[in-house]
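# What the coordinates show
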Amino acid sequence: MKGPVNWRQLGLLAITICVVQLVYWAAIDKPLFNANRAEEPPMAEQTFAEVARLSEPTLAAAARGRFERVDLPWTYCCDTAVHAVRIGFRVDKVPPAGLGLISTLQVDNYLLAVNDTLLVGEGRMQPGRGTFHGQKMFLTRVPAGILKPGDNTLTYVTLRDGYPYADIFPPMIGEYEAMRAFSANRLWNSNEFHRYGAGLLGLLGMLAAIMVVRSEDWRFAAWLSALCAAFVGNYLYAIVLNPPFDGWGRMVAFFVVNMAVPVALLCFIDAWTGKPVRHLQVAAVAIYAAVIGYVAWRIYFTPMPDGFDAPATIWIWFLAAFALIAALRILWHFARQAESRMLESALLSVCVVAVLIDGASGWFTQLRGGNLYNAAPFLMLAMLAAFLARNFRLFQSQATLTATLRAQVAAREAELDLAHARERELVRKQAHDAERRRIMQDIHDGLGSQLMSMMLAARLGEAEPVRVAEGLQAVIDEMRLMIDSMDSVGESLEAALATFRARIQPRIVAAGFAFDWQQAADLPASASQGFGPRDVLQIFRVMQEAVTNALKHSGGNRIAIAVSADDAGGLRIVVTDNGRGGAQAGAGRGLSNMERRAAAIGGELQVQSQEGGGTQVSLALRPVQLLADCHISAPSMA
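About the criteria used
- Residues numbered from 1 in each chain as written.
- Predicted model: local features only at pLDDT ≥ 70, side-chain atom pairs only at ≥ 80, totals over all residues.
- Heavy atoms only, no water.
- Disulfide = S-S within 2.5 Å.
- Buried < 20%, exposed > 50% of the residue type's maximum accessible area, 1.4 Å probe, protein only.
- Patch = residues over 30% accessible without salt bridge, like charges linked within 9 Å, V, L, I, M, F, W, Y side chains within 5 Å.
- Areas by Shrake-Rupley, 256 points an atom, 1.4 Å probe, with all protein chains shown as cover.
- Salt bridge = Lys/Arg side-chain N within 4 Å of Asp/Glu carboxyl O.
- Helix = DSSP H or I, 4+ residues; strand = E, 2+ residues; numbered from the N terminus.
- Pairing = 2+ DSSP bridges.
- Axes fitted to C-alpha atoms, helices over the stretch in contact; angles between N-to-C directions.
- Contact = heavy atoms within 4.5 Å.
- Expected span 1.5 Å × (residues − 1).
- Parallel < 35°, antiparallel > 145°, perpendicular 65-115°, else oblique.
- Nonpolar A, V, L, I, M, F, W, Y, C, P; charged D, E, K, R; others polar.
- Left-handed = near helix turned anticlockwise from the far one by under 90°.
- Core = buried A, V, L, I, M, F, W, Y, C linked by side-chain atoms within 4.5 Å.
- pLDDT = per-residue confidence, 0-100.

## Notes on the state of the cysteines
Covalently bonding the sulfur atom of one cysteine to the sulfur atom of another cysteine gives a disulfide. Applying the stated rule across the entire model yields 1 disulfide. Note that Cys-77 is cross-linked by a disulfide to Cys-78, the S-S spacing being 1.7 Å. Across the S-S bond linking Cys-77 and Cys-78, the dihedral sits near 90 degrees, which makes this disulfide right-handed. On the accessibility criterion, Cys-77 (28% relative accessible area) is partly exposed. The exposure class of Cys-78 is partly exposed, given its relative accessible area of 24%.

## Comments concerning a nonpolar patch on the surface
Side chains of Leu-203, Met-206, Leu-207 and Ile-210 sit close together on the surface and give an oily, nonpolar patch of about 410 Å² of accessible area. Along the chain, the position of Ile-210 falls in helix H4 (residues 192-214). Residue classification places Ile-210 among the exposed residues on the basis of a relative accessible area of 51%.

## Some words on the pattern of salt bridges
Following the criterion strictly, the structure yields 12 salt bridges and no others. Among the salt bridges present, the one from Arg-160 reaches Asp-108, with a minimum N-O distance of 2.7 Å. Taken together, the positions of Arg-160 in strand E10 (residues 150-160) and Asp-108 in the loop between strand E6 (105-106) and strand E7 (109-114) put the pair 52 residues apart, joining distant regions of the chain. The residues Arg-160 and Asp-108 share a single accessibility class, namely buried. Note that Arg-180 and Glu-177 form a salt bridge whose closest N and O atoms lie 2.7 Å from each other. Remark: Glu-177 and Arg-180 occur in helix H3 (residues 176-190); sequence separation between them is 3 residues, near one turn of the helix. Exposure remark for Arg-180: the relative accessible area of 43% places this residue in the partly exposed category.

## Side note on the pairing of strand E4 (residues 81-91)
Burial runs high along E4: 9 of the 11 residues are buried. Where E4 and E10 come together, 11 bridges link them in antiparallel fashion. In the sheet register, Val-91 faces E10, and the bridge partner there is Gly-150.

## Examining the sheet that holds strand E14 (residues 558-565)
Strands belonging to one sheet form pairs held by backbone hydrogen bonds; the direction of such a pair is parallel or antiparallel. In space, the 5 strands of this open sheet follow the order E13-E14-E15-E17-E16, with mixed pairing throughout. Single-partner strands in this sheet number two, and they are strand E13 (514-519) and strand E16 (603-609). When strand polarity is set aside, the average angle formed by the axes of neighbouring strands in this sheet is 10 degrees.

## Some remarks on the pairing of strand E15 (residues 571-577)
Of all the 7 residues making up E15, 5 are buried; the element is thus mostly covered by neighbouring parts of the structure. Where E14 lies against E15, 7 bridges are found, and the strand directions are antiparallel. Residue Ala-562 lies in a different strand from E15, and its bridge partner there is Val-574. Between E14 and E15, which pair antiparallel and follow one another directly, the connecting turn spans 5 residues, one of which, Gly-569, has a positive phi of 85 degrees.

## A word on the sheet that holds strand E3 (residues 74-76)
Here we have 3 strands laid out as an open sheet, ordered E3-E11-E6, and antiparallel in their pairing. Across the chains shown, the open sheet's two edge strands, defined by having one partner strand only, are E3 and E6. Taken together, the 3 bridges between E3 and strand E11 (residues 166-168) define a ladder with antiparallel strand orientation. Bridging from a neighbouring strand, Tyr-76 pairs with Ala-166 of E11.

## Regarding the side chain of Gln-281
Along the polypeptide, Gln-281 turns up in helix H7 (residues 280-301). The class for Gln-281 is buried, based on a relative accessible area of 11%. Setting aside its immediate chain neighbours within four residues, Gln-281 contacts Arg-219, Trp-223, Cys-267, Asp-270, Ala-271 and Pro-276.

## Here we look at helix H9 (residues 342-360)
For H9, which comprises 19 residues, the first-to-last C-alpha distance of 27 Å matches the rise-based estimate of 27 Å (1.5 Å per residue) to within 8%. Across the 19 residues of H9, 15 count as buried, placing the element largely inside the fold.

## Quick look at helix H5 (residues 218-239)
Between its first and last C-alpha atoms H5 spans 31 Å; for 22 residues at 1.5 Å apiece the expected length is 32 Å, and the two agree. Along H5, the residues that are buried comprise Ala-221, Trp-223, Leu-224, Ser-225, Leu-227, Cys-228, Ala-230, Phe-231, Val-232, Gly-233, Asn-234 and Tyr-235.

## So, the packing of helix H6 (residues 247-272) against helix H8 (residues 306-336)
Between H6 and H8, the shortest axis-to-axis distance is 9 Å and the interhelical angle comes to 10 degrees. As summarised for this structure, H6 and H8 are arranged roughly parallel, according to the angle between their axes. Among the residues making up the contact of H6 with H8, the classes are represented as 20 nonpolar, 2 polar and 2 charged.

## Here we look at the packing of H7 against H8
Two numbers describe a pair of packed helices, the interaxial angle and the distance between the axes. Where H7 meets H8, the axes come as close as 9 Å, and the angle between the chain directions of the two elements is 170 degrees. The orientation of H7 with respect to H8, classified from their angle, is roughly antiparallel. Our pair here, H7 against H8, has a crossing hand that is left-handed. Residues Leu-280, Ala-284, Ile-287, Tyr-288, Val-291, Tyr-294, Val-295, Arg-298 and Ile-299 of H7 pack against Asp-306, Gly-307, Ala-310, Pro-311, Ile-314, Phe-318, Phe-322 and Arg-329 of H8. For the contact of H7 with H8, the per-class residue count stands at 13 nonpolar, 1 polar and 3 charged.

## Section: the nonpolar core
Burial of nonpolar side chains together is a common tendency in soluble globular proteins. Leu-201, Leu-227, Phe-231, Tyr-235, Phe-255, Met-259 and Leu-265 are the most contacted members of the largest nonpolar core, which totals 69 residues. For this core, the elements supplying multiple residues, two or more each, are helix H1 (7-33), H4, H5, H6, H7, H8, H9 and helix H10 (371-397). A per-element tally of this core places H6 first, with 15 residues. With near-sequence residues (within four places) excluded, Met-259 lies in contact with Tyr-288, Val-291, Ile-292, Trp-315 and Phe-318. Ile-504, Ala-550, Leu-551 and Ala-598 belong to the second largest nonpolar core, which has 34 residues in total.

## Here's the deal with the confidence of the model for the chain
When pLDDT is averaged across the chain, the result is 81; 83% of the residues are at 70 or more. The low-confidence segment residues 625-638 (pLDDT under 50) makes 29 contacts with residues lying over four places distant or belonging to another chain.

As C-alpha cells, this is what we get:
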C-alpha cells in the first residue's frame, strides 16, 4: 500500500544489501575473479621491444621488416595495420618443462613465434577477412628445445582491422609449471566460464520465455528472458571469434549487447516490483534504440578514433545512468510499498553495483571491468533460490487444502471403481450373450442344415450308405471346426493352424491321398495375430471346403497346403491338388460360399484351375491392423 516513507523498511533493506554485497565481493568475486599478485612466479627479464609495420601478415615479412625500438605498452591508431613486434627476453637456465607465456594484446589476431619457431597461428590474418582469435587469452607452452640460455626473441605478427587501437602489453613469461598453476583460475574465468555462463543463463532465459505465455505477470517473465538473452549475447561476444561480419560490425555488436544489459536490468526490476512506473519500460527501450543508432552512425560514418571514442564515452555514461536509475527504482519501491523480498532486492543491488563499477572502469583504469558478467550466473541462481525459499511457506500453507482435495479425489476414485466394475460385468454378460448367439447360429447354419438334408433324404428313401457317411463326416467336420475355433481363443493363428492340420491330415490320408503341409517357421506378428474365434472358424471352413472339393472332385492323389506371409505383411494360405482341374471360381455353390467367407474376414479368394493341371485355391488375408476396418458378420450357410 502507498503511504509515507517507510524508513524502517528502508533501514532493513540497507542492512540486507550491505550483508549481501560483502558476501558476494569478498567470498565469491575476490577468490574467483581476482588473481593474487603475491603468488605470481618469477618472470623472465625482458630486454627490448621493437615494432615494424608490414605489408603482409607473415613471419617472412617480419624477417624483412624495418624495426624501431619502442617502450611497452605500445599503442597504434587508427587505420587497418599489420605489425611485427619483437620482444627480447633472457633466461639464465632453460627449465626442463620449458616456459609458459601469456600474451596480453589488444589486436584482432596474431601469429607468435619464439626464436623463429611458430607457436600460435589460429584463424585468418587477412585484412577485411580476419578473425578475432587475438581476443582470447591462453597459456602458450614454449618447449625447452627451441630455447637457449641467455637471450631469446619472441615475435608477434599482429592484425588490427576495424577497432582503431592496437595495444601491445608486455607478455608474462615464466617457468611453465609455475605459470600453469598461477594462471589456471584466471584463464578458466576468461574462457570456459563464459561458455558455462552462456549455457546456464540461456537455459534460464528459455524457461522465462515459456513463462511469458503461461504466467499472468508476463512482463516480469519477458524482461527476465531479455536480461538472460543480454547476458548470453555478451558471453557469445567473447566466445564467437569468427563472426559473420567485420571489425566495424563487431564494434557495433559490442555496444548492442553490452548496453542491452542495464536496460533489461532496469526494466526487469521495474516489472519485479509488481507496480511498474508508467512508461518507464517504453522510455528505457526507446533511449536504448536511439543511443545504439547514434553509436552505429558514429562508428560507420565518422573518422577514427573519434568514431570509437565518442561511443565509448556514451557507453560509460549510459551504464552509470541506468545503474543509478535502477538503484533509485529499488529504493523508491521500498520507500512507498510494503515489501518482504529483502534478499531478492539485495541480490538485484549487486547487479546494479556491478554495472556501476563496469561503467566507472572507463574513467578509472585501476578498476576491473566485466563484473556484471562474472556475477550474473551466481546472482541468477541466488534469485531462483530466494524465490523458492520465499514461496516455501505458500507451499506449506496449501498442505491442508491438498489433503482435503486428496480425500475428495480418493472418494471419487472409489465411486469410479464401483461404476467401472459394474460396467465390466455388463460388458462380460454382453460378450457371453453374443458368443452364445454365435454358437447357436453356427449350429443352425452348419450342423442343422447338414442333419436336415440327411433326414429329408431318409424320408424320401434316398439315404444311401455312401451319402449318409458323407453327411455324417460333414457333420463331424463341422463340429470339430467349431470346437477347434473356440479352443484357439487367446492363442495365435499358428497354433490354430496346427490344430487344423492334426484334424484334416488323417482324413486326407484315409482317402488315399498324399498330404504335404508347408508353413513358414516364423510368421510376422502382423500376419498371424489378432484373429478372433469367428475369424478362425471362417478360415477353417474355407480350407476345409477346399480340401473337401479336392477329395471329391479332383481325381488326383496329392493335396498340399502352404501357409506363408505375403509382401504386404499379410497371410496367404494355398490349397493345391494334382487332379484334372477345370474348376471355375463362382461356378458352384461351394466356391461361392468360400468367396463369401473370405470376404467376411477381409480376405480375398482366388481359384486357379487348368484342364489337366490341377487346382489351386489361394486365401489372402490382410494385415491384422486392417482387419478391424473391413470385418463384417459371416453369412449364414444352408
